[in-house]
Amino acid sequence: MTTTLLLQLSDTHIREPGRLAYGRIDTAPYLAQAVVSVGRLPQAPDAVVITGDLTDFGRAAEYEHLRALLAPLPMPVYLLPGNHDSRAQLRASFPDHPYLGPGGDGDFIQYSVPVGGLQLIAIDTVVPGASEGRLCPTRLQWLEAELARHTARPVVIALHHPPFRTLIGHMDAIGLLEGADALEAIVARHPSVERVICGHLHRAIQVRFGGSIAATVPSPAHQVRLDLAPDAASAWMLEPPGFALHALPAGGRLVSHTAASGQYPGPYPFHEAGQLID
């Protein structure tokens, strides 16, 4: 039985070599570590999708650095802009990624590609110059039309801003401020949607959404502080980094795993020669 594996990274926030994000963290070694972790998986993913905030400022040198860091990945890599990105520079820096489209910064980056036994549909939530996200009728109409083309195929929808409240107040204030309810109604009309995968939150969060599941994923570098107080300060932590692996067995349901990025002792057997170890 063949299982489709889609690996999700998000919020890499790559800067120019030697520059620190927020003046404190070099995100590049963390992404390099994640790439090595992907290579150590027992089964290679069919594709990787990165759900936004690829760079910190959307600069050409940052995308050049990102490109070098991703180069060891042998499988297709699909990129999606976040609020820290520039659509125009992303396209200019990855001209060999035709799914990004030929448009400029004002044209949405939306695409639909097959990944093994599933269909990956990416939708653009970016508002240039703003931290929050929005889904206008044009973007949503494109999504619904694309879903109508793939009713017989399991679908994963990818976007940067999560379409739900996370209860992390300072992040919800810059979340998906328009189109979330409409998106949920679309998902509810299309049972082929197995998962809605997002970034932006730098944490693993799941919620029921339109009869499916919407989820965010950890960053391969820094994480947003887990503080659900209404007046919680905007802050990040150097908690363990991670990524998600979405697995679809033939004829089965999508199963999502959150994995730690990095190298750890093991694996060790639970038993030896058929005997439990005492």
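Residues numbered from 1 in each chain as written. Predicted model: local features only at pLDDT ≥ 70, side-chain atom pairs only at ≥ 80, totals over all residues. Heavy atoms only, no water.

S.K.: Hey, could you run me through the sheet that holds strand S1 (residues 3-9) in this one?
M.R.: Where strands meet in a sheet, backbone hydrogen bonds hold them as pairs that are either parallel or antiparallel. On the basis of which strands lie adjacent, the open sheet formed by five strands has the order S3-S2-S1-S14-S15 and mixed pairing. Each edge of the open sheet carries a strand with a single partner, namely strand S3 (77-80) and strand S15 (255-260). Recorded for the sheet is a direction-independent mean angle of 25° between the axes of neighbouring strands. Where S1 lies against strand S14 (residues 242-249), six bridges are found, and the strand directions are antiparallel. When the sheet's bridge partners are listed, leucine 7 is paired in S14 with leucine 245. (Pairing = 2+ DSSP bridges. Helix = DSSP H or I, 4+ residues; strand = E, 2+ residues; numbered from the N terminus. Axes fitted to C-alpha atoms, helices over the stretch in contact; angles between N-to-C directions.)

S.K.: Honestly, unusual backbone geometry in this entry has me stumped. Any pointers?
M.R.: Glycine aside, negative phi is the norm for most residues, and most peptide bonds take the trans geometry. For the peptide bond that leads from glycine 266 to proline 267, omega is 5°, which places it in the cis range. Of note, proline 267 is situated in the loop between S15 and strand S16 (271-272). Residues other than glycine seldom take positive phi values, yet aspartate 11 does so here, at roughly 55°. In this fold, aspartate 11 is placed in the loop between S1 and helix H1 (28-39). Backbone geometry places histidine 13, a non-glycine residue, at a positive phi of 50°. As for its position among the elements, histidine 13 is in the loop between S1 and H1. Among the residues examined, histidine 13 registers a relative accessible area of 1% and is labelled buried. (Buried < 20%, exposed > 50% of the residue type's maximum accessible area, 1.4 Å probe, protein only.)

S.K.: Would you take a moment to explain the packing of aromatic side chains for this structure?
M.R.: The way to describe two aromatic rings as a pair is by their centre distance and the angle between their planes. Summed over all chains, the structure comprises four aromatic pairs. With 6.0 Å between their ring centres and 35° between their planes, tyrosine 22 and tryptophan 236 make a pair best called tilted. Pair noted here: tyrosine 22 is in the loop between S1 and H1 and tryptophan 236 is in strand S13 (residues 236-237), with a separation of 214 residues, a long-range link. By the ring-pair criterion, three or more aromatic residues cluster together here, those being Tyr78, Tyr99 and Tyr111. (Phe/Tyr/Trp six-rings, centres within 6.5 Å; stacked < 30°, edge-to-face > 60°.)

S.K.: Where do I start with the pattern of salt bridges in this structure?
M.R.: Once their charged atoms are close, side chains differing in charge can pair, the charge on each being opposite to the other. If you walk through the whole model with that rule in mind, you get twelve salt bridges. Between arginine 87 and aspartate 124 there is a salt bridge, with the nearest N and O atoms lying 2.8 Å from each other. With arginine 87 in helix H3 (residues 87-93) and aspartate 124 in the loop between strand S5 (118-122) and strand S6 (133-134), this pair connects stretches of sequence that are 37 residues apart. By relative accessible area, which is 0% here, aspartate 124 ends up buried. Here glutamate 144 and arginine 189 are joined by a salt bridge, their closest N and O atoms 2.8 Å apart. Taken together, the residues span a long stretch of sequence, with glutamate 144 in helix H4 (residues 137-148) and arginine 189 in helix H6 (residues 180-189) at a distance of 45 residues. Given the relative accessible area of 49%, arginine 189 is considered partly exposed. (Salt bridge = Lys/Arg side-chain N within 4 Å of Asp/Glu carboxyl O.)

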